[in-house]
Amino acid sequence: MNPLLYKAHPLMHLTVDLLANPAAHSFHDALKAILIYLAINLVWAIGLWQGTRKVTEVAPPYWLAYFLALPSLLFYLPAMATILNDIITHQFHFAERFILVFCLVVATQILGVFYAVAIRNPRNGMPIGLQDGMAVSLWMWLFSLPIGLALLWLNDHMKII
């Protein structure tokens, strides 16, 4: 059994299972996941744009922020929704979630390097650098907390996932 899928949030379960075993799902399941991610990314891109502007005083265009925000959305939101769901229901046990927490730490490092290279200063065309890239990555990780809570609330009231 995949340890990421142990009592996972439905979004986490669908995402990991689609990536690990796409033949087991219908086209409708894949389209549903893609549309959910693209819709959430509208707000997620605003978080990246705001975080980049606060950290580096450089604001990428919104269309670029939309595409740069997709990797952090895929890495952070399903995992944070799973952890937040456990915390809200008072069922969080670190022994059950240490692999998921470790994956979040690794994702933060990977995204820090990605943002360090992908986001460029428009004045001189140079990348923002590793320190600022890590700060943007951590900003997006913190941004996943309110968005994850909003997703859990929407899921409870509207059953979108």
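One structure accompanies this document, and this report is about it. All values reported here derive from a predicted model rather than from experimental measurement.

Closest axis-to-axis distance for the helix α1 (residues 10-20)/helix α2 (residues 27-56) pair is 11 Å, and the angle between their directions is 120°. Considered as vectors, α1 and α2 are oriented oblique to each other. For the element pair α1 and α2, the recorded crossing hand is left-handed. The segment α1 lies against α2, with Leu 11, Leu 14, Thr 15 and Leu 18 engaging Asp 29, Ala 30, Ala 33, Ile 36 and Tyr 37. A per-class count over the contact of α1 with α2 returns 7 nonpolar, 1 polar and 1 charged.

As a volume, the largest pocket reaches approximately 450 Å³. In terms of lining, the largest pocket is formed by 21 residues, of which the most central are Thr 15, Leu 19, Leu 74, Phe 75 and Pro 78. For the lining of the largest pocket, the secondary structure elements donating two or more residues are α1, α2, α3 (62-88) and α4 (94-118). Considered class by class, the residues forming the lining of the largest pocket number 20 nonpolar, 1 polar and no charged.

Before going further, it helps to spend a moment on the nonpolar core. With 36 residues, the main nonpolar core has Ile 40, Trp 44, Leu 48, Leu 77 and Tyr 115 as its most contacted residues. Those elements giving two or more residues to this core turn out to be α1, α2, α3, α4 and α5 (130-158). Among the elements that make up this core, the one with the highest residue count is α3 (11 residues). Apart from the residues lying within four places of it in its own chain, the contact partners of Ile 40 are Leu 73, Leu 77, Ile 147 and Leu 151.

So, on to the pattern of salt bridges. Under the counting rule described, the total for this entry stands at 2 salt bridges. Glu 96 is the salt-bridge partner of Lys 7, the closest N and O atoms lying 3.1 Å from each other. Remark: Glu 96 occurs in helix α4 and Lys 7 occurs in the segment before α1; sequence separation between them is 89 residues. The class of Lys 7 is partly exposed, set by a relative accessible area of 41%. With a shortest N-O distance of 2.6 Å, Arg 97 and Asp 86 are connected by a salt bridge. With Arg 97 in helix α4 and Asp 86 in helix α3, the pair connects residues that are 11 residues apart, well separated along the chain. Asp 86 gets classed as buried once you look at its relative accessible area, which sits at 3%.

The subject of this paragraph is α3. The first and last C-alpha atoms of α3 sit only 33 Å apart over 27 residues, clearly below the 39 Å expected at 1.5 Å per residue. At Leu 73, α3 shows its strongest bend, of approximately 40°.

Viewed as axis vectors pointing N to C, α3 and α4 meet at an angle of 160°, and their least axial separation amounts to 10 Å. Considering the angle they form, α3 stands roughly antiparallel to α4. The handedness of the crossing between α3 and α4 comes out as left-handed. Residues Leu 68, Ala 69, Pro 71, Ser 72, Phe 75, Tyr 76, Ala 79, Met 80, Thr 82, Ile 83 and Asp 86 of α3 form the contact with α4, whose own contacting residues are Arg 97, Leu 100, Val 101, Leu 104, Ala 107, Thr 108, Leu 111, Phe 114, Tyr 115 and Ala 118. For the contact of α3 with α4, the residue count by class is 16 nonpolar, 3 polar and 2 charged.

Thresholds applied
Residues numbered from 1 in each chain as written. Predicted model: local features only at pLDDT ≥ 70, side-chain atom pairs only at ≥ 80, totals over all residues. Heavy atoms only, no water. Axes fitted to C-alpha atoms, helices over the stretch in contact; angles between N-to-C directions. Helix = DSSP H or I, 4+ residues; strand = E, 2+ residues; numbered from the N terminus. Parallel < 35°, antiparallel > 145°, perpendicular 65-115°, else oblique. Left-handed = near helix turned anticlockwise from the far one by under 90°. Contact = heavy atoms within 4.5 Å. Nonpolar A, V, L, I, M, F, W, Y, C, P; charged D, E, K, R; others polar. 1 Å grid on protein atoms, 1.4 Å probe; cavity = no way out; pocket = protein on both sides within 12 Å on 5 of 7 lines; lining within 4 Å. Points joined across faces, edges and corners; volume = space filled by probe spheres on them. Core = buried A, V, L, I, M, F, W, Y, C linked by side-chain atoms within 4.5 Å. Buried < 20%, exposed > 50% of the residue type's maximum accessible area, 1.4 Å probe, protein only. Salt bridge = Lys/Arg side-chain N within 4 Å of Asp/Glu carboxyl O. Expected span 1.5 Å × (residues − 1). Bend = angle between axes of the 7 residues up to and from the residue.

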